[in-house]
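Residue-level structure breakdown
Chain by chain, the residues:
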Amino acid sequence: MAQKTLLKGRVLSFEQSPFQADPDQAARLHEAVLIEDGRIGAMGTAQALTAAHPDAEIHDHGARLILAGFVDPHVHYPQTAIIASWGKRLIDWLNTYTFPEEMKFGDPDHAAEIAGRYLDLTAAHGTTTMCSFCTIHPESVDAFFTEAQARGQRVVAGKTCMDRNAPDGLRDTAQTAYDQCRALIGRWHGVDRISYAITPRFSPTSTPEQLEAMGALWAEHHDCLMQTHLSEQTDEIEWVRSLFPEACDYLDTYEKFGLLGPRGLYGHAIHLEPRERDRLREVDAALIHCPTSNTFIGSGLFDMHGLMRDGHRIGLATDTGGGSSFSMLRTMAAAYEIGQLRGHPLHPAQLLWLGTAGSARSLRMDDRIGNIAPGMEADLVVLDLSSTPAIAQRVSQADDIWEAIFPTIMMGDDRAVAQVWIGGRRALG
Ligand code: GUN
Ligand code: ZN
């Protein structure tokens with residue numbers, strides 16, 4: 001017999017993108033959602049669903065909000081232990097904090113410990129899917145996928161390839177990167193809920209030969225995603241210009257080698273030239289906004305309003321541990337603040353959509369995760385909208401659902417996460 005669970009509460013599903021429709025009208029509230037064999041079976045009134053499924057196990061969440069689990073499409077799980085490291089901008093931050101930490105991931109025990117710790121921390125924050133950079137070590141990919149597989153999670157990750165401008169012990173070659181990534185794709189891609197992303201770190205740490213090898217691998221495995229970084233800081237862009245004098249801009253250093261395409265994910269994308277914006281739009285590549293990282297490392301202010309207006313595909317991510325939080329709520333708050341600094345405040349519906357359906361869309365997985373709809377995978381988060389006295393006193397004045405949600409977006413953290421479901425199984429609460 002089918003395993004059935006009925007969650008009662010305020011079930012929020014998006015019917016349209018709040019960037020394309022009136023944000024106030026983009027979502028719909030239901031009284032209950034049925035989980036059946038790991039998927040969403042139905043949404044509806046509590047009475048109708050209880051009557052139709054008398055055999056279901058019931059969880060009554062009262063006024064709590066039930067929505068799709070958060071989707072974080074740009075993270076570095078190996079940077080978990082160096083999150084919140086003080087005082088450096090991008091290149092110095094990489095050399096001082098990141099590379100020494102990433103060096104440790106050739107040890108499978110260390111990789112397993114941090115992968116498990118990272119997945120526990122993110123589940124506690126309501127994140128059910130992420131797309132992670134690993135390190136140059138294949139062991140770091142095996143560790144992450146093994147831990148995610150044990151938790152039944154839909155995840156994407158890849159070996160971070162670097163063959164120059166990185167310390168001894170943290171470089172591969174064009175050939176070893178190609179061979180190791182190919183073996184990892186064969187071992188993991190499409191197994192359970194796991195997908196592989198081809199992952200050149202960024203142009204400065206790959207030779208043209210390595211970028212070419214990654215482009216060739218992507219052409220051979222075009223159903224894989226490809227993730228990298230693009231135009232995060234101005235010094236980085238100058239460096240790229242000096243390393244690739246023949247390229248017309250940063251994006252061209254990827255495009256020349258077959259690393260621009262619709263399944264490409266480009267992290268940060270802050271300081272874009274008009275040509276780069278046009279090309280990214282033409283190929284319908286995904287831009288991943290990482291707001292806590294962009295303020296923490298001092299990178300700049302992403303142009304959410306202009307890029308959305310022009311029809312770009314955009315996800316919202318923590319960028320752990322350049323980002324300063326594991327929480328997608330905190331990440332939405334930072335996106336709101338950056339929007340304010342640019343003169344375009346994001347509506348709470350737009351923030352929630354970006355952290356769920358929008359990010360799933362950036363991963364080209366919006367047919368399976370990131371929303372509550374019949375047939376979709378049952379990855380859910382249940383939020384207490386009065387999780388602290390400060391939030392509760394503000395919510396008591398709320399006139400509508402968005403006013404009730406916004407204080408949790410701005411001030412909420414893992415204390416707001418009451419329960420988490422991953423693939424129809426209770427993972428927390
Ligand atoms: N650019 C290249 N590598 C990294 C990284 O690990 N974090 C961030 N924020 N930017 C990068
Ligand atoms: Zn990153």
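Residues numbered from 1 in each chain as written. Chains lettered and ligands numbered in written order. Predicted model: local features only at pLDDT ≥ 70, side-chain atom pairs only at ≥ 80, totals over all residues.

A count of helical and extended segments in the protein gives 15 helices and 16 strands. Relative to its length of 429 residues, the protein is compact, with a C-alpha radius of gyration of 21 Å against a globular reference of 22 Å. With the C-alpha coordinates of the protein rotated into their principal frame, the extents come out at 65 × 50 × 40 Å. A buried classification covers 56% of the 429 residues belonging to the protein. Within the protein, counting contacts between residues at least 6 apart in sequence, those at least 24 apart form 74% of the total. (Helix = DSSP H or I, 4+ residues; strand = E, 2+ residues; numbered from the N terminus. Rg over C-alpha atoms; globule rule 2.2 N^0.38 Å. Buried ≥ 20, exposed ≤ 12 C-beta atoms within 10 Å, placed from the backbone. Contact = placed C-beta atoms within 7 Å.)

With 15 residues, helix α5 (residues 174-188) should cover 21 Å at 1.5 Å per step; its first-to-last C-alpha distance of 21 Å lies within 8% of that length. When α5 is considered as a whole, its buried residues turn out to be A177, Y178, C181, L184, I185 and W188. Seen from one end, α5 has its buried residues packed into an arc of 135°, which puts them on one side. Summarising the geometry of α5, the exposed residues directed more than 90 degrees from the buried face are Q175 and G186. Looking at the buried positions of α5, the neighbouring elements they touch are α4 (138-151), β8 (160-161), β9 (194-200) and α6 (208-220). Looking at the residues trailing α5, positive phi occurs at G190, about 85°. (Expected span 1.5 Å × (residues − 1). Arc of directions from axis to C-beta.)

Following the UniProt record, the feature "domain: Amidohydrolase-related" (unreviewed entry) maps to residues 66-425 here. With 44% helix and 17% strand, residues 66-425 has its two end C-alpha atoms placed 15 Å apart. (UniProt positions renumbered as here; feature names shortened; annotations may be inferred.)

In this section: the packing of α5 against α6. Orientation of α5 relative to α6, taken along the N-to-C sense of each, is 25°, at an axis distance of 8 Å. Classified by the angle their axes make, α5 and α6 are roughly parallel. The chirality of how α5 crosses α6 is right-handed. Residues A174, A177, Y178, C181 and R182 of α5 touch α6, and the partners they reach there are E209, Q210, A213 and L217. The class makeup of the residues in the contact of α5 with α6 is six nonpolar, one polar and two charged. (Axes fitted to C-alpha atoms, helices over the stretch in contact; angles between N-to-C directions. Parallel < 35°, antiparallel > 145°, perpendicular 65-115°, else oblique. Left-handed = near helix turned anticlockwise from the far one by under 90°. Nonpolar A, V, L, I, M, F, W, Y, C, P; charged D, E, K, R; others polar.)

Counting residues in each nonpolar core, the largest one holds 126 residues, and the members touching the most others are V33, M332 and A335. Top contributing element to this core by residue count: helix α12 (residues 328-341), with eight residues. For M332, the contacting residues outside a window of four places in its chain are L316, L351, L354, G355 and I409. Counting six residues, the second-largest nonpolar core is a separate cluster that includes W93, L94, Y97 and F296. (Core = buried A, V, L, I, M, F, W, Y, C linked by C-beta atoms within 7 Å.)

In the vicinity of ligand 1, the residues found are H76, L90, L94, T98, R201, F202, H229, E232, S293, I297, D319 and G322. The leading source of residues in the shell around ligand 1 is helix α2 (residues 90-102), at three residues. Grouping the constituent residues of the shell around ligand 1 by class yields four nonpolar, five polar and three charged. (Near = placed C-beta within 6 Å.)

Attention shifts here to the environment of K104. Of note, K104 is situated in the loop between α2 and α3 (108-124). For K104, a count of 18 C-beta atoms within 10 Å puts it in the partly exposed group. When the C-alpha atoms of K104 and A42 are compared, they prove to be 46 Å apart, with 62 residues separating the residues in sequence.

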